Amino acid sequence: MLRKRGSQEQLVDREVLLDLDYTGEPQSATDSYGSLQNGSFIPPRFLTAANGDDDDDPIYTHSYNPQTEPITPPKGNYFKDGKTKIDFVLVWEVKSRRKRRSRGKSQGGAEEGAAEEAAQEESRSEKKRAMQARLRERFIHHLQNAGLLLEKEESSSAKKTIHYLKLSAPWDVLIYYAEELCLRAPLQAQPYPEFNTSARVLEKLYVPNVMADSVPNRPVDYYTCAFRKSKMDKFLGSENQETYFTNTQRHRIVYEILARAPYGKRKRAEVGVARLLNEGAFTAAFPLHEGPFELPDYEIQPEQLNQRQVLYHYWARWSKWYKYQPLDHIREYFGEKIALYFAWLGFYTAWLLPAALVGTFVFVSGIMTMSSNTPAKEICDSGGRYLMCPLCEMCKPWNISDICPMAKVGYLFDHPGTVFFSIFMSLWSVTFLEYWKRKNATLAHHWDCMDFHEEEERPRPEFAAMAPSMEHNPVTGVKEPYFPEKARISRMLTGSMVIVIMLCVVMIFLVTVIIYRSIVSVMMYETGSSVLRTQAGNIANISSSMVNLALILLMGQVYTALAEQLTKWEMHRTQTQYEDAFTFKVFIFQFVNFYSSPFYVAFFKGRFVGYPGHYGTLFGMRNEDCGMGGCLIELAEQLFIIMVGKQLINNMQEFVIPKVKAWRQKRALASVRKAQVSHEPQRWEQDYELIECEGLFEEYLEIVLQFGFITIFVAAFPLAPLFALLNNWAEVRLDAHKFVCEYRRPVAERAQKIGVWFTILEALSHLSVIVNAFLIAFTSEFLPRLLYQYKFDNELHGYVNFTLAYSPPSYYSNSSHSICRYKAFRDENGSYTLVYWELLAVRLGFIIAFEHAVFFVLRAIDWMVPDVPESLELKIKRERYLAKQALADNQEALLQATLLTK
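Residues numbered from 1 in each chain as written. Predicted model: local features only at pLDDT ≥ 70, side-chain atom pairs only at ≥ 80, totals over all residues. Heavy atoms only, no water.

## Digging into the overall build of the protein chain
Here comes step 1: In terms of regular secondary structure, the protein chain is built from 32 helices and 20 strands.
Here comes step 2: Counting all 902 residues of the protein chain, 51% fall into the buried class.
Here comes step 3: Long-range contacts, defined as pairs at least 24 residues apart, comprise 76% of the intrachain contacts of the protein chain with a sequence gap of at least 6.
Here comes step 4: When the accessible surface of the protein chain is totalled, it reaches about 43100 Å², and 59% of it is carbon and sulfur. (Helix = DSSP H or I, 4+ residues; strand = E, 2+ residues; numbered from the N terminus. Buried < 20%, exposed > 50% of the residue type's maximum accessible area, 1.4 Å probe, protein only. Contact = heavy atoms within 4.5 Å. Areas by Shrake-Rupley, 256 points an atom, 1.4 Å probe, with all protein chains shown as cover.)

Right, here's the structure in full:
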């Protein structure tokens, strides 16, 4: 029904949301709520204004007449009139008064003090509920003033009543905010761009593309420009008000109104639905899903599926693991921010394929050339020739031939192919990031986010509630909550001290794991079993890695909760500042948490052992030494257990936890559902049973940590990209299923890039070059073998003897020990030999040469690969030209531009 109201009243309504000096107070309670008839929520002042004003300025309000219209529930997300779209739903719960009274009676027989305390608690809860009701009334009143259409539904049981307030934005509100928010408007349809390089390559090779999938209802691609109400007739589809704005655009506009609407005094920043959710006035606020995700029992054409069914059937199912992701459909349904995450995850997973193939080839080549490993042959054929010094004070000497199997296996992770692979992965990581920048630019333009910049952000609800004072914003000139910068810096420094303490705790756990490993090794040697003695180091390393993984996951959960509290305490003004600070804290901790143990094995284990008679100790126990298979095989074992174990546990959590949360949510609402058995649950009721979307932080963090594993220590574990690829194939479908089936629909957010995560990825890719250079130089046997081949024997005959030193005479003359060998470049007195210093010079020279060569190639790749493709630059210029012509008053120029396009 079309209503009219006076221009003066509409001006007041606009002031409510836009005029920063507006101090008007809401009307009475009866006027605030309006009348509720058969689910129709009618602002009464609109009805009175409609009877008294005859101006030409219309405002749409929803009205429902039960005498003239049927009561059958409408199909789709509509009001009861079957025409007005539902753009957003606000939910709050009210406990039954009867239950509260009965509870009070049941406490009457208790002790007098307990009864009085219970009465006070009941009084406080009643006051809190009354305050929340007043806040809701004021907030809803301002939503009415903003021009939103409202309709209310209730679901009741003996325990509680759930209120659903459905919101809809009429046409005049949509066009007003579309111009203010600079939404993009379509000028001219254009052919679909092909983003998949693999599809173009396969097409040129005339190879069938099994990854392609014909997804129905693909969104049309347009040349666009910023929306202007005055140029409405120039935009495509403007004559159809029902379909001109997409559902995600409508959601964004309504959420903007919800974020701006006050519920109290603006001077206290009592503004926005987010703060009301924090204060418990509302229990949920969400846009609706587009119907069920399950396919109907009867046969249906693909074009008749709703957007959610399309995403489930063509994307979220496990059977689609090898198909391209329908990114345009994801963006249309969830918005650009979520679509960019899935685009980045899919792009990264596709780039893992060549890395996994090369890594697998390097590993297989190690297996194939294992028989030609001369040092391993010498170890296996040595018999009793090399009597090795005891590995602990209570241990006995042992023959090097005892570790023959480990020497052979160690070659798989330490041969010339791993050096090549580390160089390859360093170049791969930077090339991947460069081409992602190109892909990102293409998607940002395709999705109209190329020129998107977040406007001056409003203060966070928590910040507004806890800020001690009000100050003028230098950008907007508006008084808003303020927290002194000096106090914030002081809190950040204090928080940094807490971070340092937590990092020290991680180091303590690392030392604990080291001691555990030493104890297990000694216990294995004391068993007397030859099998356990030869595998003691292996058993200790694997079991300690499992213990370390458990501690890592435990500390990760503890620290994430601590970092969240610290970041809140630091009082960051905007959500972006808050998220960046939180991301930095969590990533720094998780970096040390996950990588400290591999760093120890790679660069510190075996460096401080000493030599027979002068062994270094830690808490009275001899310092750890690397096994004869080398430290790289132990590093590979650690990486496998930590990386793959973490991935398996995370995937299990992502599969189980949402289902448990959904079960708990449904259980909490079970009483209401049982009371409503007479009718089928409506869409808003079904969506309220879903769990709230938790954002993308955990998803990004998991994959970024994985990126570190496959780049930083790749020289020791060439199979890491393969395991990452297998994990990501599952990750895409797990995340897709969560968003489509288990989460409430999130508000569509715009984004141009993946944000601070790209900076972290760049830092990891550069760090990987340095770490791999040191890993090859100081941990791998590559350079000692190379030096031996150059100086002595190209076939490495006698290399084992070359790497072993004799124990000093003081070691076996003053004790019961006999002369024995140990791995080091020392003379009989325990001093370093000339070979040691030659090898040190070679190692340092290799690091310098490796880093300079790789970084030079990386800079060359950065220079040769432009961030924005040339074809896209031409397209952007063409679009800007069309926008100027379309918005010009000269119709002849518009016609000429259209003819040129054709």
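## Concerning the environment of serine 372
Here comes step 1: Structurally, the position occupied by serine 372 is in the loop between helix 12 (336-368) and helix 13 (374-381).
Here comes step 2: Along the sequence, serine 372 and glutamate 795 sit 423 residues apart, while their C-alpha atoms lie 9.6 Å from each other.

## Remarks on the packing of helix 27 (residues 782-791) against helix 30 (residues 834-864)
Here comes step 1: For the pair helix 27 and helix 30, interaxial distance at closest approach is 10 Å and the crossing angle is 115 degrees. In the crossing of helix 27 with helix 30, the sense of the turn from one axis to the other is right-handed. Contact with helix 27, carried on its side by Leu783, Pro784, Leu787 and Lys791, involves Val835, Glu838, Leu839, Val842, Arg843 and Phe846 of helix 30 and no other residues of that element.
Here comes step 2: Partitioning the contact of helix 27 with helix 30 into residue classes produces seven nonpolar, no polar and three charged. (Axes fitted to C-alpha atoms, helices over the stretch in contact; angles between N-to-C directions. Left-handed = near helix turned anticlockwise from the far one by under 90°. Nonpolar A, V, L, I, M, F, W, Y, C, P; charged D, E, K, R; others polar.)

## Observations regarding the state of the cysteines
Here comes step 1: A full pass over the atoms with the stated rule returns two disulfides.
Here comes step 2: In this model cysteine 380 forms its disulfide with cysteine 404; the gap between the sulfur atoms is 1.8 Å. In this structure the cystine formed by cysteine 380 and cysteine 404 twists about its S-S bond by roughly 90 degrees; its chirality is therefore right-handed. Of this pair, cysteine 380 sits in helix 13 while cysteine 404 is found in helix 14 (residues 404-412), placing the two residues 24 residues apart along the sequence.
Here comes step 3: Exposure remark for cysteine 404: the relative accessible area of 14% places this residue in the buried category.
Here comes step 4: Paired through a disulfide, cysteine 389 and cysteine 820 show a sulfur-sulfur distance of 1.9 Å. Residues cysteine 389 and cysteine 820 share a disulfide whose torsion about the S-S bond is about 90 degrees; that sign makes it right-handed. Placement of the pair is cysteine 389 in the loop between strand 11 (387-388) and strand 12 (398-399) and cysteine 820 in the loop between helix 29 (809-813) and strand 20 (821-823), with a sequence separation of 431 residues.
Here comes step 5: Residue cysteine 389 is classed as buried on the basis of its relative accessible area of 5%. (Disulfide = S-S within 2.5 Å.)

## So, the pattern of salt bridges
Here comes step 1: Under the counting rule described, the total for this entry stands at 29 salt bridges.
Here comes step 2: When the shortest N-O distance is used, the salt bridge between arginine 260 and glutamate 256 registers 2.9 Å. On the criterion of helical spacing, the pair formed by arginine 260 and glutamate 256 is a turn pair, its members being four residues apart in helix 8 (residues 247-260).
Here comes step 3: Taken together, the salt bridges that share partners define one network made up of Lys80, Glu151, Glu153 and Lys166. (Salt bridge = Lys/Arg side-chain N within 4 Å of Asp/Glu carboxyl O.)

## Considerations on the environment of serine 521
Here comes step 1: Note on placement: serine 521 falls in helix 17 (residues 485-526).
Here comes step 2: Residue class for serine 521 comes out buried when judged on its relative accessible area of 18%.
Here comes step 3: As a C-alpha pair, serine 521 and cysteine 392 span 129 residues in sequence and 8.9 Å in three-dimensional space.

## Structural notes on the confidence of the model for the protein chain
Parts of the prediction with low pLDDT should not have their coordinates interpreted in detail.
Here comes step 1: Summary statistics for the protein chain give a mean pLDDT of 79 and a share of 81% for residues scoring 70 or more.
Here comes step 2: Of the regions scoring below 50 in pLDDT, residues 1-71 engages in 141 contacts with residues more than four places distant in sequence or in other chains.
Here comes step 3: Note that residues 99-110 has pLDDT below 50 and, in this model, seven contacts with residues that lie over four places away or in other chains. (pLDDT = per-residue confidence, 0-100.)

## Focus on helix 8
Here comes step 1: Here helix 8 is 14 residues long and its end C-alpha atoms lie 20 Å apart, about the 20 Å a rise of 1.5 Å per residue gives.
Here comes step 2: When you tally the buried positions in helix 8, you get 13 out of 14 residues, the bulk of the element. (Expected span 1.5 Å × (residues − 1).)

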